[in-house]
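The chain contents come next:
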Amino acid sequence: MILNLLILFLGVPIGLLIAWLARDELKQGRKWFRIMIILSLLGGLWFWLIGRVYISLTWGFIFIIVLVALAKSQDKKWTKI
């Protein structure tokens, strides 16, 4: 269980890395980030309810990455080229 949480929280540095690599595309993707947040929450909840824990952890990983990217898209210093 601890290993699962450790891997899940690795989404934060990976999300920062992806946001740094795609800084120029963060502003245009805000709408899609919000859609992905909703889909990942619904998908994670659905698979957790039917007993597919590892699939729900994958959705949680996606949720964390997209949440970091959405947060960094609001940062003016981060998106400046």
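Worth saying up front: this structure is predicted, and the values here are computed from it rather than measured. (Residues numbered from 1 in each chain as written. Predicted model: local features only at pLDDT ≥ 70, side-chain atom pairs only at ≥ 80, totals over all residues. Heavy atoms only, no water.)

A. Geometry of the pattern of salt bridges. For the structure shown, the criterion picks out one salt bridge. In this structure, Lys72 engages Asp75 in a salt bridge whose closest nitrogen and oxygen atoms are separated by 3.8 Å. For Asp75, a relative accessible area of 27% gives the class partly exposed. (Salt bridge = Lys/Arg side-chain N within 4 Å of Asp/Glu carboxyl O. Buried < 20%, exposed > 50% of the residue type's maximum accessible area, 1.4 Å probe, protein only.)

B. Summary view of a nonpolar patch on the surface. Together, Leu3, Leu6, Ile7, Leu10, Ile14 and Ile18 make up an exposed nonpolar region whose accessible area comes to about 540 Å². Ile7 sits in the partly exposed class, given a relative accessible area of 45%. (Patch = residues over 30% accessible without salt bridge, like charges linked within 9 Å, V, L, I, M, F, W, Y side chains within 5 Å. Areas by Shrake-Rupley, 256 points an atom, 1.4 Å probe, with all protein chains shown as cover.)

C. Expanded view of the confidence of the model for the protein. On average, residues of the protein score 90 in pLDDT, and 99% of them are at 70 or above. Put simply, helix H5 (residues 76-79) is where the protein has its lowest mean pLDDT, 80, and helix H3 (residues 30-49) is where it has its highest, 94. (pLDDT = per-residue confidence, 0-100. Helix = DSSP H or I, 4+ residues; strand = E, 2+ residues; numbered from the N terminus.)

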